[in-house]
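Inside the fold
Spelled out from the first residue to the last, the chains are:
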Amino acid sequence: MTHPAQPKASHFINGEYVEDTAGTPIPVIYAATGEQIATVHAATPAIVEQALSTAKAAQKAWARMTGTERGRILRRAADIMRERNHDLSVLETYDTGKPLQETLVADATSGADALEYFGGLAASLTGEHIPLGEDWVYTKREALGLCVGIGAWNYPTQIACWKGAPALACGNAMVFKPSETTPLCALKVAEILIEAGAPAGVFNVVQGMGEVGGALVTDPRVDKVSLTGSVPTGKKVYAAAAEGMKHVTMELGGKSPLIIFDDADIDNAVGGAINGNFYSSGQVCSNGTRVFVQKGIKEKFLARLAERTGNAILGDPMDEATSFGPMVTENQMNIVLGYIEKGKEEGARLICGGKRADMDGYFIEPTVFADVTDDMTIAREEIFGPVMSVLDFDTEEEVVARANDTEFGLSAGVFTKDFTRAHRVIGNLEAGSCFINSYNDAPVEAPFGGVKASGVGRENSKEAIKHFSQVKSVYVRMGDVEAAF
Ligand code: NAD
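Computed from a predicted structure; not experimentally measured.

Reading guide: rules and limits
Residues numbered from 1 in each chain as written. Predicted model: local features only at pLDDT ≥ 70, side-chain atom pairs only at ≥ 80, totals over all residues. Heavy atoms only, no water. Helix = DSSP H or I, 4+ residues; strand = E, 2+ residues; numbered from the N terminus. Rg over C-alpha atoms; globule rule 2.2 N^0.38 Å. Contact = heavy atoms within 4.5 Å. Near = heavy atom within 4 Å. Polar contact = N/O pair within 3.5 Å; in protein donor to acceptor, adjacent residues only side chain to side chain. Areas by Shrake-Rupley, 256 points an atom, 1.4 Å probe, with all protein chains shown as cover. Nonpolar A, V, L, I, M, F, W, Y, C, P; charged D, E, K, R; others polar. Expected span 1.5 Å × (residues − 1). Buried < 20%, exposed > 50% of the residue type's maximum accessible area, 1.4 Å probe, protein only. Arc of directions from axis to C-beta. Salt bridge = Lys/Arg side-chain N within 4 Å of Asp/Glu carboxyl O. Core = buried A, V, L, I, M, F, W, Y, C linked by side-chain atoms within 4.5 Å. Pairing = 2+ DSSP bridges. Patch = residues over 30% accessible without salt bridge, like charges linked within 9 Å, V, L, I, M, F, W, Y side chains within 5 Å. Lys, Arg positive; Asp, Glu negative; His and termini not counted. Charge placed at Lys NZ, Arg CZ, Asp CG, Glu CD. Axes fitted to C-alpha atoms, helices over the stretch in contact; angles between N-to-C directions.

1. Considering the overall build of the protein chain
Check the secondary structure of the protein chain and you find 16 helices and 20 strands. Against the 2.2 N^0.38 benchmark of 23 Å for 485 residues, the protein chain shows a C-alpha radius of gyration of 24 Å, consistent with a compact globule. Overall, the C-alpha framework of the protein chain stretches about 80 × 65 × 40 Å when taken along its three principal axes. Across the protein chain, the fraction of contacts at a sequence separation of at least 24, relative to all contacts at a separation of at least 6, is 72%.

Here you go:
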């Protein structure tokens, strides 16, 4: 019998599901059991062509609609997503393995927030009037044209909406390629947009591996590429986009610092460290995986952390009591287990976890290492799994320098009751998305994105509008033209 997660077809183009079984089959594996629940096919060159030409053709008329009309459609899509939150959350859990306890509140809901927020902004995208004596200049905020979105596997619904909503609000059309690991959810976003009244062709989904992503990025008709993925992929995609002088947004990886001063509320700091390392089983780009704890509170912090981490409930992700799910794939599990071994070999002290959980599926126990030093592999490389490194520090100056000593710069957090220090430390940290006495909040109203190798551009908030539109300026002369000859 067909599994309920099996989509009608692999791709969604020009308002309908489209199949081409000549494409490489991509199995969809449910991470909690290892069972294959669906198959999609990678886009063939014919499918890529169909998606790009459809989007290109649909974009102009979409951009000519008023912002109010575009916004109404996006807001209607937000309402539909919220009405179907339960079903969409179950699908997200099948796609990623993340527990329903999380997907019910973090995925379709976050996607709906983006659709609602950018739907609300769509009618306010205006230019300015610049008086120049008798003459004047006016500016227009225009769509970029045809945008490509490429997603990572940790938040398939959210990523499709975080890219699609601002792109469409500005009058662009989009071809979105989900991660080959989680191909299911973006199809639902495309379906819902059509149901909400979006014209066929303005939001299309094609499946495939990096090769399909590459074909989209290099196509001369594409004006902008927005990627969520790893730094190595980001470098390739950025370079390919530069070749065609395309706009880019790069949401890439991190190895973010979370700094806990000895005056911090210990339970809040432990809660921040748990949210910043174990939500989505650690598969979050902005995670604060280098937890710097001031020496005076180190053992107290570790004891409370171990105690609370012991309360994680590993189990069937569809059971709402489960608070900790599996790694997205067997391969990702093995990569993370490899890092855990490295941590042990290089002399870090294992506080809890440290191995694969004794159950079906790709579960790894939430793992904490203490006495981690800056040069250890687990302190330098992005692991993208539930492995927290706790490092000691003495002074503010020292910890800021060590926190910044990384190629990444996505996020940073600080826990302290001293607000002067909190703002000073955050001011000195090289990161794009920062937290004071909190960690990993991502409201649509706030810009999100990284500095240094962690990325270029911002998602969410009014900032995202700047990255999906461009300004045309028009000089208007009222008098005669003076010329030299
Ligand atoms: P990945 O880089 O392997 O793949 C990301 C996407 O890029 C996939 O859809 C993949 O098919 C595609 N791709 C791969 N090679 C390509 C190429 N040459 N041209 C075009 N597309 C190509 O990343 P992943 O393993 O899916 O996701 C994990 C990574 O994503 C982590 O590094 C994580 O930190 C990062 N991430 C960042 C954010 C953020 O917002 N900053 C959010 C989530 C994940």
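2. A word on the site of the ligand
As a structural note, the neighbourhood of the ligand is formed by 27 residues, with G151, E180, S230, T233 and E382 the closest of them. At 2.7 Å, a backbone N or O of G151 approaches an oxygen atom of the ligand. One of the side-chain nitrogen or oxygen atoms of T233 is found 2.6 Å away from an oxygen atom of the ligand. The fraction of the free accessible surface of the ligand (860 Å²) that becomes covered by protein chains is 86%. In terms of residue count, the dominant contributor to the shell around the ligand is helix α8 (residues 210–218) (three residues). Taken together, the residues of the shell around the ligand sort by class into twelve nonpolar, eleven polar and four charged.

3. Brief notes about helix α9 (residues 231–243)
Working note: α-helix, 3.6 residues per turn, so residues spaced by three or four point in the same direction. Compared with the 18 Å implied by 1.5 Å per residue over 13 residues, the 18 Å span of α9 between its first and last C-alpha is a close match. Of all the positions in α9, only V231, G234, V237 and A241 are classed as buried. All buried residues of α9 lie within an arc of 120° about the axis, which places them on one face of the element. Facing away from the buried side of α9, by more than 90 degrees, are the exposed residues P232, K235, K236 and E243. Among the structural elements, α8, β10 (224–228) and β11 (247–251) are those in contact with the buried residues of α9.

4. Quick notes on the pattern of salt bridges
A complete count under the given rule lists 29 salt bridges for this structure. Linking E142 and K472 is a salt bridge whose minimum nitrogen-to-oxygen distance equals 3.1 Å. Taken together, the positions of E142 in strand β6 (residues 135–143) and K472 in strand β20 (residues 469–476) put the pair 330 residues apart, joining distant regions of the chain. For E142, a relative accessible area of 22% gives the class partly exposed. One salt bridge connects D263 with R421, and the closest N-O pair in it is separated by 3.2 Å. Taken together, the residues D263 in the loop between β12 (257–260) and α10 (266–278) and R421 in helix α15 (residues 419–428) connect sequence positions 158 residues apart. You can call R421 buried: its relative accessible area is 15%.

5. Concerning the environment of G133
Note on placement: G133 falls in the loop between β5 (129–132) and β6. Given the relative accessible area of 75%, G133 is considered exposed. In sequence terms G133 and M478 are 345 residues apart; their C-alpha atoms lie 9.8 Å from each other.

6. Focus on the nonpolar core
Counting 51 residues, the largest nonpolar core has M81, L115, F118, L168, M174, L193 and F203 as the members making the most contacts within it. At the level of elements, α1 (45–64), α2 (67–83), α5 (108–121), α6 (156–169), β8 (173–177), α7 (185–195), β9 (203–205) and α16 (461–467) are the ones that each hand at least two residues to this core. Broken down by element, the residue count for this core peaks at eight residues, all from α6. Beyond its immediate sequence surroundings of up to four residues, L193 is in contact with I73, L74, A77, L115, L168, A198 and F203.

7. A few points about the pairing of strand β4 (residues 35–41)
Note: strand β3 (residues 25–30) against β4, six bridges, orientation antiparallel. Paired with I26 across the two strands is V40, which belongs to β4. Once β3 ends, the chain turns through four residues before running back antiparallel as β4, passing G34 with a positive phi of about 80°.

8. Some remarks on a negative patch on the surface
On the surface, E345, E346, D375 and E381 cluster together to form a negatively charged patch. For E346, the location among the structural elements is in the loop between α12 (330–345) and β14 (349–352). E346 sits in the partly exposed class, given a relative accessible area of 33%.

9. Things to note about α2
The first and last C-alpha atoms of α2 sit 24 Å apart over 17 residues, in line with the 24 Å expected at 1.5 Å per residue. Taken together, the buried positions of α2 are G67, R70, G71, I73, L74, A77, A78, I80 and M81. Against the buried residues of α2 lie α1, α3 (85–96), α5, α6 and α7.

10. Structural notes on the sheet that holds strand β15 (residues 367–370)
The strand order across the open sheet formed by seven strands is β14-β15-β16-β13-β12-β17-β18, and the pairing between neighbours is mixed. Of all the strands in the sheet, the pair left with one neighbour each is β14 and β18 (433–436). Between one strand axis and the next, the sheet turns through 20° on average, direction left out of account. Sheet analysis places β12 next to strand β17 (residues 411–415), joined by three bridges and oriented parallel. Each residue of the ladder has a partner; that of L258, found in β17, is G413. Strand contacts of α10: β12, β13 (290–294), β15, β16 (387–393) and β17, with the helix running at about 135° to β16, the strand carrying the most contacts. Packed on one face of the sheet, helix α11 (residues 298–309) meets β12, β13, β14, β15 and β16 and runs near 45° to β14.

11. Looking at the side chain of T228
Structurally, T228 can be placed in strand β10. Of the residues examined, T228 reaches a relative accessible area of 12% and is grouped as buried. Side-chain polar atoms of T228 contact the side chain of K163, separated by 2.8 Å. Sequence-distant contacts of T228, that is, excluding residues within four places in its chain, are made with I150, G151, A152, I159, K163, E251 and E459.

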